[in-house]
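Geometric and topological summary
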There are 2 protein chains.
Amino acid sequence: MKMLILLAAAAALSFPSLAFAQAPVADRAAALRDAALAGDSVAWDFVEGLTTEVGQRQAGTEAEARARDWAVRRLTALGFANVRIEPFEMPVWVRGEERAEIVSPFPQRLVVTALGNSGATPPRGIEAEVVGFDSVAALQAAPDAAVRGRIVFVTHNMQANQDGSGYGPFGAPRRQGPTVASRKGAAAIVVRSIGTDHHRNPHTGAQAFGEGARPIPAGALAIPDAEQLQRILARANAQGRPVRMRLVLTPRYTGRHQSGNVVAEVPGTDPGAGVIVIGGHLDSWDLGTGAVDNAAGVAITVAAAHRIMQAGRPRRTIRVVLFGAEEVGGGGSETHFNLNRGAGNVVLVGESDFGADRVWRVEFSLGAANAALGDRIAALLAPLGIVRGRDAAGAGADLGIWRRLGVAAIDLNQDGTRYFDYHHSPDDTLDKIDPAQLRQNVAAWTAMLAAAADAPEPIVAAPVQPAR
Amino acid sequence: MKMLILLAAAAALSFPSLAFAQAPVADRAAALRDAALAGDSVAWDFVEGLTTEVGQRQAGTEAEARARDWAVRRLTALGFANVRIEPFEMPVWVRGEERAEIVSPFPQRLVVTALGNSGATPPRGIEAEVVGFDSVAALQAAPDAAVRGRIVFVTHNMQANQDGSGYGPFGAPRRQGPTVASRKGAAAIVVRSIGTDHHRNPHTGAQAFGEGARPIPAGALAIPDAEQLQRILARANAQGRPVRMRLVLTPRYTGRHQSGNVVAEVPGTDPGAGVIVIGGHLDSWDLGTGAVDNAAGVAITVAAAHRIMQAGRPRRTIRVVLFGAEEVGGGGSETHFNLNRGAGNVVLVGESDFGADRVWRVEFSLGAANAALGDRIAALLAPLGIVRGRDAAGAGADLGIWRRLGVAAIDLNQDGTRYFDYHHSPDDTLDKIDPAQLRQNVAAWTAMLAAAADAPEPIVAAPVQPAR
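So, the nonpolar core
Residue and element names in this part refer to chain A. Residues F80, L322 and L348 are the most contacted members of the largest nonpolar core, which totals 79 residues. With 13 residues, the top contributor of residues to this core is helix α11 (residues 291-310). Not counting residues within four places of it along the chain, the set of residues in contact with L322 comprises F46, A71, L75, G260, N261, V262, G280, L282, V298 and V302.

Here we look at the sheet that holds strand β1 (residues 81-94) of chain A
All names here are of chain A. On the basis of which strands lie adjacent, the open sheet formed by eight strands has the order β1-β10-β12-β11-β13-β16-β14-β15 and mixed pairing. Both outer strands of the open sheet, β1 and β15 (387-392), are each paired with one neighbouring strand and no more. On average, adjacent strands in this sheet sit at an angle of 20 degrees to one another, irrespective of strand direction. As paired strands, strand β14 (residues 359-364) and strand β16 (residues 408-414) are joined by five bridges and run antiparallel to one another. Counted as the bridge partner of F364 is I410 from β16.

A closer look at the interface of chain A and chain B
Tallying the contact residues gives 30 residues for chain A and 31 residues for chain B. A combined buried area of about 2,400 Å² lies between chain A and chain B, and 44% of that area is made up of carbon and sulfur atoms. The salt bridge partner of R235(B) is E53(A), with a shortest N-O separation of 2.5 Å. Joining chain A to chain B, the criterion identifies 21 residue pairs in polar contact (both at pLDDT 80 or more). Those elements giving two or more residues to the side of chain A that touches chain B turn out to be α3 (42-53) and α10 (223-238) of chain A.

Focus on the relation of the copies chain A and chain B
Placing chain A over chain B gives an RMSD of 0.0 Å and needs a rotation angle of 180 degrees, together with 0.0 Å of translation along the axis. Taken together, the rotation and translation relating the two chain copies correspond to the operation of a two-fold axis. Most of the interface of chain A is mirrored in chain B: 100% of its interface residues are interface residues there too.

So, the packing of α3(A) against helix α9 (residues 223-238) of chain B
At a closest axis distance of 10 Å, the pairing of α3(A) and α9(B) adopts a crossing angle of 95 degrees. In this view, α3(A) runs roughly perpendicular relative to α9(B), as classed from their interaxial angle. Contacts from E48(A), G49(A), T51(A), T52(A) and E53(A) of α3(A) reach α9(B) at Q228(B), R231(B), I232(B) and R235(B). Among the residues forming the contact of α3(A) with α9(B), the class breakdown is one nonpolar, four polar and four charged.

Concerning unusual backbone geometry
D293(A) connects to N294(A) through a cis peptide bond whose omega is 20 degrees. Cis geometry marks the peptide bond from S104(B) to P105(B), where omega comes out at 5 degrees. Looking at the element boundaries, P105(B) is found in the loop between β2 (98-104) and β3 (108-110). Its identity as a non-glycine residue notwithstanding, A395(A) has a phi of 55 degrees, on the positive side. Secondary-structure assignment places A395(A) in the loop between β15 and α14 (400-404).

Here we look at the sheet that holds strand β13 (residues 346-351) of chain B
All names here are of chain B. Within the open sheet, the eight strands sit side by side as β1-β10-β12-β11-β13-β16-β14-β15. Their pairing is mixed. Two strands lie at the open edges of the sheet, namely β1 (81-94) and β15 (387-392), each paired on one side alone. Recorded for the sheet is a direction-independent mean angle of 20 degrees between the axes of neighbouring strands. Along the sheet, helix α11 (residues 332-340) contacts β1, β10 (252-266), β11 (275-281) and β12 (317-323); its crossing angle with β1, the most-contacted strand, is approximately 140 degrees. Across the sheet, helix α12 (residues 371-381) lies against β14 (359-364), β15 and β16 (408-414), angled at about 180 degrees from β14, the strand it touches most.

Overview of the pairing of β16(B)
Residue and element names in this part refer to chain B. β16 sits mainly inside the fold: seven of its seven residues count as buried. Taking every second residue as pointing to the same face, both faces of β16 are buried, with A408, I410, L412 and Q414 on one and A409, D411 and N413 on the other. Alignment of β13 against β16, held across two bridges, turns out to be parallel. Residue L348 lies in a different strand from β16, and its bridge partner there is A408.

Notes on the pattern of salt bridges
Pairs can form between side chains of opposite charge whenever their charged atoms are close. For the structure shown, the criterion picks out 54 salt bridges over all chains. Between E265(B) and R319(B) there is a salt bridge whose closest N-O contact spans 2.8 Å. Pair noted here: E265(B) is in strand β10 and R319(B) is in strand β12, with a separation of 54 residues, a long-range link. A relative accessible area of 8% places E265(B) in the buried class. By relative accessible area, which is 6% here, R319(B) ends up buried. Where salt bridges share partners, they join E48(A), E53(A) and R235(B) into one cluster.

Cut-off values and rules
- Residues numbered from 1 in each chain as written.
- Chains lettered and ligands numbered in written order.
- Predicted model: local features only at pLDDT ≥ 70, side-chain atom pairs only at ≥ 80, totals over all residues.
- Heavy atoms only, no water.
- Core = buried A, V, L, I, M, F, W, Y, C linked by side-chain atoms within 4.5 Å.
- Buried < 20%, exposed > 50% of the residue type's maximum accessible area, 1.4 Å probe, protein only.
- Helix = DSSP H or I, 4+ residues; strand = E, 2+ residues; numbered from the N terminus.
- Contact = heavy atoms within 4.5 Å.
- Pairing = 2+ DSSP bridges.
- Axes fitted to C-alpha atoms, helices over the stretch in contact; angles between N-to-C directions.
- Buried area = accessible area lost by both parts, 1.4 Å probe.
- Salt bridge = Lys/Arg side-chain N within 4 Å of Asp/Glu carboxyl O.
- Polar contact = N/O pair within 3.5 Å; in protein donor to acceptor, adjacent residues only side chain to side chain.
- Least-squares fit on C-alpha atoms with pLDDT ≥ 70 in both.
- Parallel < 35°, antiparallel > 145°, perpendicular 65-115°, else oblique.
- Nonpolar A, V, L, I, M, F, W, Y, C, P; charged D, E, K, R; others polar.

Read these as geometric descriptors, not functional statements.
Here's what the structure looks like:
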């Protein structure tokens, strides 16, 4: 409700200022922005339709194929040009049975889900002693003998940050934990879900066993269950009693199957001015309906491009890409890059893949010659409550490859305070999306696209910084 | 955090007032109250220990038996007198496999759990068309032909209320839905969980098939899943397409098994002054660890009685009862009443079974001759932020029988705003308990007990009102 009032206030403040009276492009962008903020329904309808009619759409499965068909129909109906699928093949891992229980000293069930590419237990599971660690570093430092044949438990204390900065460091138990545990001879590993909620919904996510690491069963406990296991371990250890767990995880690989990107375009009037590429990913993890991750990002970028299209032909072509297989690193990004690097001149990329809450910050990696363009975009976004950051824009998992190879990027950073409450969990469903904040996203993307697509000056990139 | 500040302010305000300077019993009660508010750890340790070392404790199962043993050990260690078990037998229903999926037109899984006493599907489930209703009344009004052989879905729109008043009217789909659907020949029923959250955790709960109603499979969908099914039904119906669901629910009865109450006492100095009986229930549903429902209520009443005991022998005996089998109506209340109605003179009852959030209201069913006692208790509770209600106290599911037969009762009503987010769901776990609010409960119960147990006047009951 507070958000609605703030957005209404922002809309009221966004009259054409005197400074902009000389800038018809900016005036037009502001008007498009305000119309999106007041009344966009394309993004909501897209998220609602995709998550209701398809639901989960794990990469490489028939559900993701249905999502592609759905998206092609919807994008065609919305009037986009050159709607097409870019298919590719990938190995597909699917989950099976998932159960964890403390056998002794305090018998009870815990809620678990397998991490991507987890190995499997036998159908009836394994039973072993649990050994707990506060971090991957502590696991790494432990003697192999303390780990061998046991079920490793790694916890962490990730907290919610607006900029999502907890996910990198606190994601280590999921990303590195299984490999480290396997190399030390562990029978299996369970980690505290990489998330910030307190619900009985575990968070899955990708991990890949490193070289020399035999796949072992690797699961994530729901956060209340991880806290429960910590209490059980502390109490049992104080009493000198081992904690024994039975774990059943029976995922399997089903072979190589087709995934694909869905591409749609708003053709520009000036082929020489270059192409702007935006988008998000169409696939989701299998536990929720992928509303927040990432039907929202796809819907926001589709809705913004559609608003530009409805307002008349822009100078630059806008290409919207709905990537396949982002969650599992399945190759959508590379496939798109390889198919399109030679076709036209991509001058700017931007990605939406951080939920559906409001954009709070904009970052640029425009060249020095585009200082005025950056200023114009930042001025258009300020009435939406968006601040200008000091970092360089990098796009994300799907479009970052373009930036790393020298293309300019603009990041519209979303508020991530709630994002890891739902991310990769069964709780990623439509009810988590606030329609007013979704519209603010569409407004921000519409304003940015309007300014960039019709910018009279060439769009040039800042030099690429070496990776930190 | 705000709650902590309010409680600190309440504690600071609770100096012995001039009005109380003449009343040593009230002074002593105020001091005991403030000590509980500032530092009670007995209640937290009880909840933490029971939910960690036992976890779920469904009535009549071996887990509930372990909980009784745990409680006997803990109550004995705390120094209570006459610690004993009141055993009884009951039929036991346990859940089996639980899966629901939309087969067409939009294939996807939904999260479901069986309601208590649900019938079973065959192991591989049933598949049928779904027919949806907004209420039990709408289901009741439908022609049998519209229901026969189908899977009935009943939704509702329960909202969170501080006094928990939504649970009665909006609980009808769970309580009456299965019977009504069965009588109309439905193949099965799924209801929107009786809850107020938006997480993928379904809420179970008791229901009993009425006379002439053959047991049919009866489940509760998680609330996001119920909303999803509503969207699917609306869309499919608009397109003239049936919605088909596959449902697997394989609960079964395991026969008659032992449950029991655990009783402990603080002996009074004056056998003629009567006995005060307080408590909550020890059993829980099986999905969570029963922290909120009802380890908290047991812990609050145990901790308050313990504080009275530690402060010296009270005039009246205080009996604390940890009831078995409350969730399933298994007979703990009746067993206790029948075993104790002839032993001593029960003059006052009070029950804590509404979570762990703060007490906001006190209600009495004291006789007119106890007006001053009611005033003294209300004055002791006011510094905790507790208002005096106008309704008559009725105790609850376990001790209400005493009140209905003419014994006085005091209700310390807890804030139920969050209660139905967790109630009967996997999310009922320790992390949902706010230690500061738990201490406020102990403080309120301690103050009430101190005033009532040492009241110099006889405790007399208000006349019993006819049931509404």
